[in-house]
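# Reading the structure
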Amino acid sequence: MSPFIFAAALVAALAAVCGGTDPSPSAGGPEKPVLNLGMLALPEVAPIQIGIDKGYFAAEGLTVKPVVIQGGAAALPDLISGKLDVLHSNYVSAVLASSRGVGRLKVVGDAYAAKPGNFVLMTKKDSPVKALADLKGRKVGVNTLGNVATLAVSALLKPAGVTTADITFVERPFPQMAGALDNGDVDAAVLPEPFWQAAARTSGARSLSDLFTGATADFPMAGYLTTEDFARDNPRTVAAFQRGLRKAVELAIANPAEAKAAMPKYTKIDQATAGAMTLGGYSTTVDKARLQRVADLMLQFKGDGYLEAPFDVSALLLPGGPS
């Protein structure tokens, strides 16, 4: 298929991505009616559960089968090999993979933007660390090295005069992070909802700072990825997924209680905890300017193994997407 035909076929079918006219279901239905979707068990994917429960995907002739993964970067080989059709992943992983030629990836939907209270940098209750500047020479716990958490910490500490050379990042899964704080394995730890509230409640851990603030306020966290080959060969499937996702996201935005009610179905978060959580920002569209913020911030810390040259996120967008 020529690039011209590929682009023409997708412009109409994928108009939902750029906020244009919502494409109507094709008479033939999805080319692949069963979609294997890899996702982390986090609040940001609540719209997927909503779309399943409310029948939004089914109405498009699509059965979405969630596959819980441990991390977006680790699951990328399954997406590229075709074991997964769509992958929920943080945008740092997507930019890293694309810039290094690991795979030709496309963003088919937005998942989450950070809001105050979503991610918090915590210390133990009796810690001598009272301010960000006190972290010089200390250990900071993150769930994954060289990814969105380390990038956010680097950006947070820079105005306080602390560089990445001044700290040591320690990798721990989020469920083990509070214990790492208590044991002194780390001096500060990145914790998302609901882990930071649980740490505060059970061990008296205290907040040092919101993680995404200042230059990283409203930072785009994650989206739904597929491969260029899958999008080219299955445009009706991708469009059906986007329509179902859009309806689910619209409901989550209009009624956050729906998102909170969905969480216990795919996570270990109980309903009471979910009800008290502060949710991030769901979005119905993929915004190029906002996504470019991720690549630009990565370039600011190029010496830390992110980007070594500017990266245009247009490479991650489908034909007919936002400009």
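The structure under discussion appears in the preceding block.
Residues numbered from 1 in each chain as written. Predicted model: local features only at pLDDT ≥ 70, side-chain atom pairs only at ≥ 80, totals over all residues. Heavy atoms only, no water.

## Some thoughts on the packing of helix α2 (residues 46-53) against helix α9 (residues 235-254)
- Closest axis-to-axis distance for the α2/α9 pair is 8 Å, and the angle between their directions is 105°. In terms of axis orientation, α2 runs roughly perpendicular to α9. Here α2 contributes Pro-47, Ile-48, Ile-50 and Gly-51 to the contact with α9, which in turn contributes Phe-241, Leu-245, Ala-248, Val-249, Leu-251 and Ala-252.
- When its residues are assigned to classes, the contact of α2 with α9 shows 9 nonpolar, 1 polar and no charged. (Axes fitted to C-alpha atoms, helices over the stretch in contact; angles between N-to-C directions. Helix = DSSP H or I, 4+ residues; strand = E, 2+ residues; numbered from the N terminus. Parallel < 35°, antiparallel > 145°, perpendicular 65-115°, else oblique. Contact = heavy atoms within 4.5 Å. Nonpolar A, V, L, I, M, F, W, Y, C, P; charged D, E, K, R; others polar.)

## Here's the deal with the sheet that holds strand β6 (residues 139-142)
- Pairing is mixed in the open sheet, where 5 strands are placed in the order β7-β6-β8-β5-β9. Each end of this open sheet is capped by a strand with a single partner; those strands are β7 (168-171) and β9 (206-210). Pairs of neighbouring strands in the sheet enclose a mean axial angle of 35°, with direction left out of account.
- Sheet topology places β6 next to β7; 4 bridges connect them, and they run parallel. The residue of β7 that forms the bridge with Gly-141 is Val-170.
- Sheet contacts for helix α7 (residues 195-203): β5 (119-123) and β8 (188-192); angle to β8, the most-contacted strand, approximately 125°. (Pairing = 2+ DSSP bridges.)

## Points about the pattern of salt bridges
- Within this structure, the stated rule accounts for 15 salt bridges.
- Among the ionic pairs, Asp-85 bridges to Lys-32, the shortest N-O distance being 2.9 Å. Taken as a pair, Asp-85 in the loop between α3 (72-81) and β3 (86-90) and Lys-32 in the loop between α1 (3-13) and β1 (34-39) lie far apart in primary sequence, 53 residues in all.
- Between Asp-187 and Arg-138 there is a salt bridge whose closest N-O contact spans 3.9 Å. Pair noted here: Asp-187 is in the loop between α6 (174-183) and β8 and Arg-138 is in the loop between β5 and β6, with a separation of 49 residues, a long-range link.
- For Arg-138, a relative accessible area of 27% gives the class partly exposed.
- Among the ionic contacts, a cluster of salt bridges with common partners joins Arg-104, Lys-106, Glu-228, Asp-229, Arg-232 and Asp-233. (Salt bridge = Lys/Arg side-chain N within 4 Å of Asp/Glu carboxyl O. Buried < 20%, exposed > 50% of the residue type's maximum accessible area, 1.4 Å probe, protein only.)

## Things to note about the environment of Met-298
- Position of Met-298 among the secondary structure elements: in helix α12 (residues 288-300).
- The sequence separation of Met-298 and Val-95 amounts to 203 residues, and the corresponding C-alpha distance is 9.0 Å.
- When near neighbours in sequence (up to four residues on either side) are disregarded, Met-298 contacts Val-92, Val-95, Leu-96, Leu-151, Tyr-306 and Leu-307.

## Brief notes about the side chain of Ser-203
- Along the polypeptide, Ser-203 turns up in helix α7.
- A polar side-chain atom of Ser-203 sits 2.9 Å from the main-chain carbonyl oxygen of Ala-199.
- Other than its neighbours up to four places away in sequence, Ser-203 contacts Lys-125 and Asp-182. (Polar contact = N/O pair within 3.5 Å; in protein donor to acceptor, adjacent residues only side chain to side chain.)

## Focus on helix α5 (residues 148-157)
- Most of α5 is tucked away: 10 of the 10 residues are buried.
- Of all the positions in α5, only Val-148, Ala-149, Thr-150, Leu-151, Ala-152, Val-153, Ser-154, Ala-155, Leu-156 and Leu-157 are classed as buried.

## Things to note about the sheet that holds strand β2 (residues 63-68)
- Strand order in the open sheet formed by 5 strands is β2-β1-β3-β10-β4, and the pairing between neighbours is mixed. Each edge of the open sheet is held by one strand with a lone partner, namely β2 and β4 (105-113). Within the sheet, the average angular offset between the axes of one strand and its neighbour, ignoring direction, is 25°.
- With respect to the sheet, α2 is in contact with β1, β2 and β10 (220-227), its orientation differing from that of β2 by roughly 145°.
- Of the strands in this sheet, β3, β4 and β10 touch α3, which is tilted by about 155° from β3.

## Things to note about the pairing of β5
- Of all 5 residues in β5, 5 are buried; the element is thus mostly enclosed.
- Where β5 lies against β8, 4 bridges are found, and the strand directions are antiparallel. Across the sheet, the residue bridging to Val-120 is Leu-191, located in β8.
- In this sheet, β9 lies alongside β5 in antiparallel orientation, the contact comprising 4 bridges. Its bridge partner lying in β9, Thr-123 is registered against Arg-206.

## Section: α9
- Taking 1.5 Å of rise per residue, the 20 residues of α9 would be expected to cover 28 Å, and the 28 Å separating its terminal C-alpha atoms lies within 8% of that figure.
- With 14 of 20 residues buried, α9 lies mostly within the body of the structure. (Expected span 1.5 Å × (residues − 1).)

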